[in-house]
Amino acid sequence: MPGPRGKAKAKKPKPKAHSLANLNATSEDSEFNELIDDVDGAEGWNKIVNVLCEFLQLPDLSKRSGLKKIHANFNEIYHNIDDVYVANVKNEKITGAIIGIYTKMCADAILRDKLFQKGLVSKITPLINIPSTRYLALRALTTVTHHGGIDVRKEIALESPTLFKVMRENPDDLRAAEMAITTMAHAIGAAINQEDVPEHKYIKATNTKVLIPVVIDFMRRPGASIQLLHHGLELITHPVLHCWSECKAYAPLQNLLVACLRSADLTVRVCALGGLIRLEGLSAEEDQKLFDPHKLMAAVDRRFPMHLTEIMMDYGLMRCDTYLTLQSSGDNQKAMMQCAQDKDLYSLGLKLAELVTRNEFSIAEGGFQTQDPRTGKIEIDRDLGLPFIMWTDALPHCARAIRAKGRPGEEDLADMITAKFFIIRSRIPDAVEVAKRGLQRNPKFAYFYYVITLGRDFHEGLRSAKKGLKCPKITPFVRFGLLHRAVEIAGHLGLCRIQESRPGDRKHDEGVAFLMSAVEDAKTYAMAAPPDARHMKHVLYWYICLTLAIKGPETPADLQELEVALKKLRHADEFSMLFGNPPPKTQMRMAQQNIVRRYPTAVMEWKDLVARFDEETTSECAISLEKAEDDLAAWLDEIHLEQGEEDDPHPQRCSHPRISPNTVALYRCSWCGNPSAALRKCSGCDKARYCDGGCQKSHWSEHKATCRA
């Protein structure tokens, strides 16, 4: 495996730096006094920084060659700078200028990490409380967090109380508030905006009860900049998952997020919707997974209300889930009884294979029952001479019987039955592996694609859903199952992609394509699936939420445009109640209900603030369905740009232009994306670049296909 290496170059003589060995705060050395005089005579931080750079004879930090020299002599250069810092720790101009130098160095990810390990944050934070250095220190934190790694951002998140204090003590200083909010948006996001429970110290530092009211108050100020508004919105959505109780207790937060769904800016709308969905994440119930045929039979015996009966008749009674479930349950029972008589596992397997693709609950749990002659109790009969007792345990035995016959085309049926068994046992990874093996043999078998959509890999799941829908032979159950999964997966991916990118980025375009795909598939499902389908509610939750996010201000404030979907959702709820299964309070259900309930009031309450978002927003092009389809097709075909090139776009969870006091053009690591002037090229292709051997090794499994070596 070729490794990164550097080209040998002739060493250049190092510039002679000033001797700092005897430098201290009380020194009367003429060289030190000259520095102080020069600093005092300079006007503005840029000139002060330049004075200090000349004093230390630092290379040009705005050029890649200059940063390479810092890399080559980092320890010596840092020691010299730190000596000046320690000797003049009470001199606000010198310490501020040194922070300015460090901030320029932080444009390089490797230098940033080295400075972080040297205690950079602890040097910046004290300057926030000094009026003359406050803006410089806040700008430094803003830059470091915007381009910093996870560890850097997490440490800065612990300084949030200091930033709260500055904002509360200076309520009219919108400039300081903007930089403080920007810093916290990136830092707190890295610390707590994750699925796993964050460490308590980050939750404590976030102090949600204080954070959200303070940030929203600054967002309401007439002079708040567009950067403050965008970062404020981003910041108030970070605690919604792990601090959901505090967030739900503050109604203005929820109303503001709902109102932002009418912004003209898609990024704003998606950020708000993402926050509203995450808000319900930890308080939600799981969706229905089990099926009780007795409840369904009882509902049929009670007879359906006339309006629901008419809905089912209009759709086609024999095509409705209620009829198919009852029919399949009966057919499953008959097949088991026949097997109890003839012991023919092969024939049972063929019947079960047909049932698997007919209905989600066609293979129901059960057993052969007998009555104890002494007690009269109904018990499971264990002496029928079959290799299974409970009916679902028959599946792997039937699969083996089918394979044993060795008939052409039936291997697919055996794998399908095996995958269904794993699904029933909640062994989804095993089911996915079986499905993948099946697709290697028969890439046109739709059920295998459906199984893969149940896995944890969303990218693989969406590709499988789209491929499965194109299969020539597909039953209604499998088709609607694929559509349901396509809606859910594309909805999640679309929201994440757009929140993690900027308009114009390839990932942003992919995010739009995902959302459009989810809405179109949801529309198809709602129109074509049985009205009593179990997943009808879930698909409609997504359809309602994503329609609001995509259409934005085009949606009437009274939501009349969604009345058809809302009516269909009410009917789906009625069917669920009729079958003895009250709709569970799932994450999407609670998010959708919260949005619809608050929408008219929230729009009126926050329309002025939302309008200010839109004042600064460049005219947004209408979302094109045709372009979205092209972008989705490109993603499905796995078209990727080459990595390791100069200025390769690196996803930033931020909507504003790049923030950096240093405009030096840097390459990015082909694996982790970090910018640096000291990346080493792959010796095989001379194109891919890496921070170190660890990044190169991690990337090798992907890179080896294109590496010339």
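How each quantity is defined
Residues numbered from 1 in each chain as written. Predicted model: local features only at pLDDT ≥ 70, side-chain atom pairs only at ≥ 80, totals over all residues. Heavy atoms only, no water. Helix = DSSP H or I, 4+ residues; strand = E, 2+ residues; numbered from the N terminus. Buried < 20%, exposed > 50% of the residue type's maximum accessible area, 1.4 Å probe, protein only. Contact = heavy atoms within 4.5 Å. pLDDT = per-residue confidence, 0-100. Expected span 1.5 Å × (residues − 1). Arc of directions from axis to C-beta. Phe/Tyr/Trp six-rings, centres within 6.5 Å; stacked < 30°, edge-to-face > 60°. Lys NZ or Arg CZ within 6 Å of the ring centre and 35° of its normal. Core = buried A, V, L, I, M, F, W, Y, C linked by side-chain atoms within 4.5 Å. 1 Å grid on protein atoms, 1.4 Å probe; cavity = no way out; pocket = protein on both sides within 12 Å on 5 of 7 lines; lining within 4 Å. Points joined across faces, edges and corners; volume = space filled by probe spheres on them. Nonpolar A, V, L, I, M, F, W, Y, C, P; charged D, E, K, R; others polar. Axes fitted to C-alpha atoms, helices over the stretch in contact; angles between N-to-C directions. Parallel < 35°, antiparallel > 145°, perpendicular 65-115°, else oblique. Left-handed = near helix turned anticlockwise from the far one by under 90°. Salt bridge = Lys/Arg side-chain N within 4 Å of Asp/Glu carboxyl O. Lys, Arg positive; Asp, Glu negative; His and termini not counted. Polar contact = N/O pair within 3.5 Å; in protein donor to acceptor, adjacent residues only side chain to side chain. Disulfide = S-S within 2.5 Å.

Undergrad: Which parts of the structure should I look at to understand the overall build of the chain?
TA: Per the secondary structure count, the chain includes 33 helices and seven strands. Taking all 709 residues of the chain together, 53% fall into the buried category. A separation of at least 24 residues holds for 71% of the contacts in the chain among residues at least 6 apart in sequence.

Undergrad: I would appreciate a short explanation of the confidence of the model for the chain in the present structure.
TA: Interpretation of this model should avoid reading the predicted coordinates in detail wherever pLDDT is low. Counting all residues, the mean pLDDT for the chain is 86, and 87% of those residues have values of 70 or more. Scored below 50 in pLDDT, residues 655–661 makes 24 contacts in the model with residues more than four places away or belonging to other chains.

Undergrad: For this particular structure, what's the right way to read helix α24 (residues 428–441)?
TA: Its 14 residues give α24 an end-to-end C-alpha distance of 20 Å, which sits within 8% of 20 Å, the value for a rise of 1.5 Å per residue. All of the buried residues in α24 are Ala431, Val432, Val434, Ala435, Gly438 and Leu439. Buried positions in α24, seen along its axis, are confined to an arc of 160° and lie on one side of it. In α24, the exposed positions angled more than 90 degrees off the buried face are occupied by Pro429 and Gln440.

Undergrad: What's the story with the packing of aromatic side chains in this structure? I'm lost.
TA: Remark: the centre distance and the inter-plane angle together describe each pair of aromatic rings, the angle taken between the planes. Tallying each qualifying case throughout the model produces nine aromatic pairs. Look at phenylalanine 421 and phenylalanine 422: their rings are 6.0 Å apart centre to centre, the planes differ by 55°, and that puts the pair in the tilted class. We classify phenylalanine 421 as buried; its relative accessible area is 12%. An aromatic cluster is built from Phe74, Tyr78 and Tyr102, whose rings are joined through pairwise contacts. The residue whose ring lies beneath arginine 319 is tyrosine 315, and the NZ or CZ to ring-centre distance is 4.1 Å.

Undergrad: How should the nonpolar core be read in this particular structure?
TA: As a rule of thumb, nonpolar side chains are buried together in soluble globular proteins. Met105, Leu348, Phe388 and Tyr447 are the most contacted members of the largest nonpolar core, which totals 202 residues. The residues touching methionine 105, leaving out its near neighbours within four places in the chain, are Leu61, Leu67, Ile70, Ile77, Ile81, Leu111, Arg112 and Leu115. Core analysis: the next-biggest nonpolar cluster, separate from the first, contains eleven residues, Ile110, Cys669, Leu679 and Cys691 among them.

Undergrad: Would you mind showing me how to read empty space enclosed by the protein here?
TA: Rolled over the atoms, a probe sized like a water molecule indicates the empty space that remains. Applying the stated rule across the entire model yields three cavities of 30 Å³ or more. Empty space within the second largest cavity amounts to approximately 50 Å³. Around the second largest cavity sit Asp287, Arg534, Lys537, His538, Tyr541, Pro584, Thr586 and Arg589, which together line it. When residues of the lining of the second largest cavity are assigned to their parent elements, the largest contribution, three residues, is made by helix α29 (residues 536–551). In the lining of the second largest cavity, the residues fall into two nonpolar, two polar and four charged.

Undergrad: Looking at this model, I keep getting lost on the packing of helix α3 (residues 64–72) against helix α6 (residues 109–117). Mind explaining?
TA: Two numbers describe a pair of packed helices, the interaxial angle and the distance between the axes. Between α3 and α6, whose axes approach to 10 Å, the crossing angle comes to 40°. Classified by the angle their axes make, α3 and α6 are oblique. Note that α3 runs across α6; the crossing there is left-handed. On the side of α3, the interface is formed by Leu67, Ile70 and His71, while α6 contributes Ile110, Leu111 and Lys114. For the contact of α3 with α6, the class distribution of residues is four nonpolar, one polar and one charged.

Undergrad: Could you clarify how one ought to interpret the pattern of salt bridges in this entry?
TA: Opposite charge on two side chains allows them to pair when their charged atoms are near. Going through the model one piece at a time under the given rule, you end up with 24 salt bridges. Salt-bridge contacts for lysine 123 lead to aspartate 82; the nearest nitrogen and oxygen are separated by 3.6 Å. Taken together, the residues lysine 123 in helix α7 (residues 120–128) and aspartate 82 in helix α4 (residues 74–87) connect sequence positions 41 residues apart. In this pair, the class of lysine 123 matches that of aspartate 82, namely buried. With its nearest N and O atoms 2.7 Å apart, the salt bridge here joins arginine 221 to aspartate 217. Within the structure, one salt-bridge network assembled from shared partners comprises Arg403, Glu411, Asp412, Asp415 and Arg441.

Undergrad: Quick question: what am I supposed to make of the side chain of arginine 612 here?
TA: Summarising the element assignment, arginine 612 is placed in helix α31 (residues 587–615). Within the buried set, arginine 612 has no salt-bridge partner at all; the shortest N-O distance to an opposite charge, 5.7 Å, is to glutamate 615. Within the structure, arginine 612 has its side chain in polar contact with the backbone oxygen of arginine 220 (distance 3.4 Å).

Undergrad: Please clarify how unusual backbone geometry should be interpreted in this entry.
TA: Glycine aside, negative phi is the norm for most residues, and most peptide bonds take the trans geometry. Of note in this structure, glutamine 57 is not a glycine but carries a positive phi near 55°. Within the secondary structure, glutamine 57 is located in the loop between α2 (45–56) and α3. Despite not being glycine, arginine 303 has its phi angle at roughly 70°, a positive value. Structurally, arginine 303 is set in the loop between α18 (293–302) and α19 (306–315). Exposure remark for arginine 303: the relative accessible area of 70% places this residue in the exposed category.

Undergrad: Would you explain the state of the cysteines in this entry?
TA: By definition, a disulfide is the covalent link that joins the sulfur atoms of two cysteine residues. Counted by the stated rule, this structure contains zero disulfides. Its sulfur unpaired, cysteine 682 is 3.9 Å from the next cysteine sulfur, which belongs to cysteine 707. Using a relative accessible area of 0% as the deciding quantity, one classes cysteine 682 as buried. Residue cysteine 707 is classed as buried on the basis of its relative accessible area of 7%.

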